[in-house]
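# Structural characterization, general
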Amino acid sequence: MTTFARMAAAGVLSLAALTSVAHAGSVTQPGETIGLAAGAPLPEGVYFVNTADWGCRNTSPDSTCVGVDIPVLAWATPLHIFGGRLQLLTAVPVVDVGANGSDYTAGFYNPFFAAQLAWDLGNGFGFSYMAGFYLGVNTGVAFDSTSFNQRFALSYTADGWNLTANAIWGIQFDGDTSTVNPDFLNVDLTATKKIGKFEIGPVAYYSTDLNTPVPFYQKQSQFAVGGLIGYDFGPVILQAYLTTDVYEENYGGYDTRGWARIIVPLWNPPATTQLVHK
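Residues numbered from 1 in each chain as written. Predicted model: local features only at pLDDT ≥ 70, side-chain atom pairs only at ≥ 80, totals over all residues. Heavy atoms only, no water.

Scanning all chains against the criterion turns up four salt bridges. Among the salt bridges present, the one from Asp232 reaches Lys194, with a minimum N-O distance of 3.0 Å. You can see Asp232 sitting in strand S12 (residues 221–232) and its partner Lys194 sitting in strand S10 (residues 184–195), a full 38 residues away along the chain. An identical accessibility class is assigned to Asp232 and Lys194; each is buried. For Arg257, the salt bridge is made with Asp255, and the minimal N-O distance between the two is 3.1 Å. Three or more residues are tied together by salt bridges with common partners; here these are Asp53, Asp255 and Arg257. (Salt bridge = Lys/Arg side-chain N within 4 Å of Asp/Glu carboxyl O. Helix = DSSP H or I, 4+ residues; strand = E, 2+ residues; numbered from the N terminus. Buried < 20%, exposed > 50% of the residue type's maximum accessible area, 1.4 Å probe, protein only.)

What follows deals with the state of the cysteines. Under the counting rule described, the total for this entry stands at one disulfide. The partner cysteine of Cys56 in its disulfide is Cys65, sulfur to sulfur 1.9 Å. Residues Cys56 and Cys65 share a disulfide whose torsion about the S-S bond is about 105 degrees; that sign makes it right-handed. For Cys56, a relative accessible area of 25% translates into the label partly exposed. (Disulfide = S-S within 2.5 Å.)

A separate point is the environment of Pro43. When you line up the elements, Pro43 lands in the loop between helix H1 (3–12) and strand S1 (45–57). Exposure remark for Pro43: the relative accessible area of 24% places this residue in the partly exposed category. Sequence separation between Pro43 and Gln87 is 44 residues, and the spatial gap between their C-alpha atoms is 10.0 Å.

Before going further, it helps to examine the pairing of strand S11 (residues 198–209). In this sheet, S11 lies alongside S10 in antiparallel orientation, the contact comprising ten bridges. Looking at the pairing, Lys193 lines up with Ile200 of S11. The antiparallel pairing of S10 with S11 creates a hairpin that spans two residues between the two strands, and Gly196 there sits at a positive phi of about 65 degrees. Inspection of the sheet shows S11 paired to S12 by eleven bridges, in the antiparallel sense. Within S12, the residue paired with Tyr206 across the bridge is Phe223. (Pairing = 2+ DSSP bridges.)

Turning our eyes to something else, we now look at the nonpolar core. Formed by 24 residues in total, the largest nonpolar core has its most connected members in Val27, Val95 and Tyr109. Contributions of two or more residues to this core are made by strand S2 (64–81), strand S3 (84–91), strand S4 (94–99), strand S6 (112–122) and strand S7 (125–134). By residue number, the principal contributor to this core is S2, which donates five residues. If you look at the next biggest cluster of nonpolar residues, it comprises seven residues, including Ile34, Val203, Tyr205 and Ala224. (Core = buried A, V, L, I, M, F, W, Y, C linked by side-chain atoms within 4.5 Å.)

No statement about biological role is implied by the geometric values presented.
Here you go:
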């Protein structure tokens, strides 16, 4: 795969995860698509990505800690609609949550199913639109409601750069209102540069609730910054990044989190060969 293709493969594989222990805030984990050129279309093929993260929020009297593992399977189909490649994705994340010094609760998070159109706009620019659903499940660590998820991503990937803004808009459909499930907006930001096989650069994310689902609910928001380092083994890509809140409202403390990701192309169609007759 070319450098652009590998960066594109890192782009679409960007699904979902957790929120706070109180079942409030974003259904899609803020910062989960950092490091991915989410606006760039994938080359035709099947891809696997696993993103894992662990971090703690300095709530009082004990820190609240959350671990997430997100296995994703994506199929970049040969079909194009309105000029954009059709890509299908699914994920079934696993979550572990608890407070320091107490028992942790683990289980499956809301499964996610999505379709995406991704356009190569030329000159290194790409844009994608994704629409999908988180299905409601009752596992103790998931939202017992179904939600609609839309994503709008713009990427610049020329000359080894990955400059990406990915806006994620979630809308809740149903569920027990006691679980406090607001609509939300996340914005994940990446500004990395490849130097040889290495990738390095600053990253950031912002998240905010968009409505008040129950009376007296206090809307949450946060902004975090950090840095990313990656290595392209060709074709496997590894990434790691660290983020920490510099602003939070109504979360009860600042979150610091470490992330790791592996991206593996499982199948690509064989390159076509042309016979030249003289």
